[in-house]
Amino acid sequence: PFTVETLSEAQAKEKGLLVTLGEDIDKPYIEHVLSLRPSKKGLCRDLRIVYTPLHGSGNKPVRRALKEAGFTNVFVVKEQELPDGNFPTVRTPNPEDPNAFQCAIQLGDAVDADLLVATDPDCDRVGIAVKEAGDYIMLTGNQVGILLVDYIAKTRKELGTLPENPILVKSIVTSSLADRVAKSHGVETVNVLTGFKYIGDTIKKLEEKGEKDRFILGFEESYGYLVGTEVRDKDAVVATLIICEMAAYYRSIGSSVYKALQEIYQKFGFYLNKVDSYTFEGLRGMDKMKEIMSALRANPLMKLGDYEVEAREDYKTLVHKDEKTGRVTDIKLPSSNILVYMLQGGHQVIIRPSGTEPKIKVYYSIKGKDRREADMIKADIDKTIKSVLA
């Protein structure tokens, strides 16, 4: 047996072991966040925003950033305002979960809010819902990221602040629509493995070459976004501010975030991005997953549903193969147990097993003329996926 020595708070402070970070840290951080707005001009400050930190750490920094940016109609969900590790009002404090927005929707209806914003407990991820035709519509992480790419690139282009050879960095499982939107603005897309550390690593490499200003946005489909290069991880404080600025901009021109998204779909086609999980329980769960991935490599799928595989990527062997020409090229990323299928019609399916739990995730990027057609295409592709994984 052993004894863990403890100190009181007063003793720890006296010995210099407990230091409270204060305004000397907060002020330059908030100033940095404010400096990252694509446009500094006053936009539509009457935008009505409901914000919830979901019992987490975002309450003070997010509210301060919005206030100093000039947003005056910010309504905070009182029952979720203060930190509480028990998260008493939500099933899960996850901005990806529609249930986490129940309190925000109630307040939004009461104050006639235009935009609902929720940050997760450690305030690195953010989810939103936008009001359209009287209802609140939740947007996915992919949709918000695509909107941010479009808004940041076109705004900075108009203002003459878009750098030469600008770069968007995103994970390989994030919507390929972001690549197309970025390209339309002359922005190069760098795709990296899942995990924001890879986005941070890309910033570091740009910095080493004296080119970090080329980075304009990094994001993942799992609701993480980053603007600026001082922080090397997803940051919901700056993301919330720029999302609100974007909403204010569209309102100022008589549009909305939702309408801007529909315009993107009209220009590039509708993209359905979904993630399905297949769980393999029991003692053999992880072994079963290994067997499935081995079988997919030994006997490559040539069709998914009615759609031929035009190219495939194996991130374990770091090989891209064009099935039409047979040409093989190297993938210049770290090795990872991921299979990617590029299908006829511009669809993409990614199969990625978890390394920590008996679960395989399947990421779909389906292109259709509308949601109905995209759902039908996914259902057809799913016949093959389920025959392999279910």
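Parameters and conventions
Residues numbered from 1 in each chain as written. Predicted model: local features only at pLDDT ≥ 70, side-chain atom pairs only at ≥ 80, totals over all residues. Heavy atoms only, no water. Helix = DSSP H or I, 4+ residues; strand = E, 2+ residues; numbered from the N terminus. Rg over C-alpha atoms; globule rule 2.2 N^0.38 Å. Areas by Shrake-Rupley, 256 points an atom, 1.4 Å probe, with all protein chains shown as cover. Core = buried A, V, L, I, M, F, W, Y, C linked by side-chain atoms within 4.5 Å. Buried < 20%, exposed > 50% of the residue type's maximum accessible area, 1.4 Å probe, protein only. Pairing = 2+ DSSP bridges. Axes fitted to C-alpha atoms, helices over the stretch in contact; angles between N-to-C directions. Salt bridge = Lys/Arg side-chain N within 4 Å of Asp/Glu carboxyl O. Contact = heavy atoms within 4.5 Å. Parallel < 35°, antiparallel > 145°, perpendicular 65-115°, else oblique. Left-handed = near helix turned anticlockwise from the far one by under 90°. Nonpolar A, V, L, I, M, F, W, Y, C, P; charged D, E, K, R; others polar. Expected span 1.5 Å × (residues − 1). Arc of directions from axis to C-beta.

**A closer look at the overall build of the protein**
The secondary structure content of the protein amounts to eleven helices and 17 strands. Its C-alpha atoms give the protein a radius of gyration of 23 Å, within 12% of the compact-globule value 21 Å for 390 residues. The principal-axis extent of the C-alpha atoms belonging to the protein is close to 70 × 65 × 45 Å. Total accessible area computed for the protein in this model is approximately 19,100 Å², and 50% of it derives from carbon and sulfur atoms.

**Remarks on the nonpolar core**
If you look at the biggest cluster of nonpolar residues, it comprises 87 residues, and the most contacted ones within it are I381 and I385. It is helix α8 (residues 236-252) that contributes the most residues to this core, 13 residues altogether. Grouped together as the second largest cluster of nonpolar side chains are 14 residues, V90, V111, A129 and Y136 included.

**Some thoughts on the sheet that holds strand β8 (residues 215-220)**
With mixed pairing, four strands are arranged side by side in an open sheet as β7-β6-β8-β9. Since the sheet does not close on itself, it has two edges, and those belong to β7 (188-192) and β9 (224-226), each with one partner. Taking each pair of neighbouring strands and ignoring which way they run, the sheet shows an average axis angle of 15 degrees. Two strands pair when backbone bridges link them, and β8 and β9 are joined in this way by three bridges, in the antiparallel orientation. Counted as the bridge partner of E220 is G224 from β9.

**Focus on the pattern of salt bridges**
Here the structure, examined in full by the defined rule, presents 35 salt bridges. For E68, the salt bridge goes to R64, with nearest N and O atoms at 2.9 Å. On the criterion of helical spacing, the pair formed by E68 and R64 is a turn pair, its members being four residues apart in helix α3 (residues 59-68). Accessibility expressed as a relative area gives 42% for E68, which makes it partly exposed.

**Considerations on the sheet that holds strand β3 (residues 115-119)**
Spatially, the five strands line up as an open sheet ordered β2-β1-β3-β4-β5, and their pairing is mixed. The open sheet terminates on both sides in strands that have one partner only, identified here as β2 (74-76) and β5 (135-138). Looking at each pair of strands side by side, their axes are set apart by 25 degrees on average, direction ignored. Pairing analysis gives four bridges linking strand β4 (residues 126-132) to β5, with the strands arranged antiparallel. Within β5, the residue paired with E132 across the bridge is D135. With respect to the sheet, α8 is in contact with β1 (49-52), β3 and β4, its orientation differing from that of β3 by roughly 175 degrees.

**Some remarks on the packing of helix α5 (residues 141-159) against α8**
In the contact formed by α5 and α8, the axes pass within 11 Å of each other and the chain directions differ by 70 degrees. The angle between the axes of α5 and α8 places the two elements in the roughly perpendicular class. For the pair α5 and α8, the crossing hand works out as left-handed. From α5, V144, L147, L148, D150, Y151, I152 and K154 reach across to α8, where they touch I242, I243, E245, M246, Y249 and Y250. Its residues assigned to classes, the contact of α5 with α8 shows ten nonpolar, no polar and three charged.

**Let's talk about the packing of α5 against helix α9 (residues 257-268)**
Relative orientation of the contacting elements α5 and α9 amounts to 85 degrees, with a least axis distance of 10 Å. The angle between α5 and α9 places the two elements in the roughly perpendicular class. Where α5 approaches α9, its residues Q143, I146, L147 and D150 are matched on the opposing element by V257, A260, L261, I264 and Y265. Class assignment of the residues belonging to the contact of α5 with α9 gives a composition of seven nonpolar, one polar and one charged.

**Quick word on helix α7 (residues 196-208)**
Over its 13 residues, α7 runs 19 Å from end to end, which matches the ideal 18 Å to within 8%, given 1.5 Å per residue. Every buried residue of α7 is listed here: F196, I199, G200, T202, I203 and L206. Down the axis, α7 shows its buried residues gathered within 155 degrees of arc, on one side only. Facing away from the buried side of α7 by over 90 degrees, the exposed positions are K197 and E208. Of the surrounding secondary structure, the elements contacted by the buried residues of α7 are β6 (167-171), β7, β8 and β9. Following α7 by one or two positions, G210 adopts a phi angle in the positive range, close to 75 degrees.

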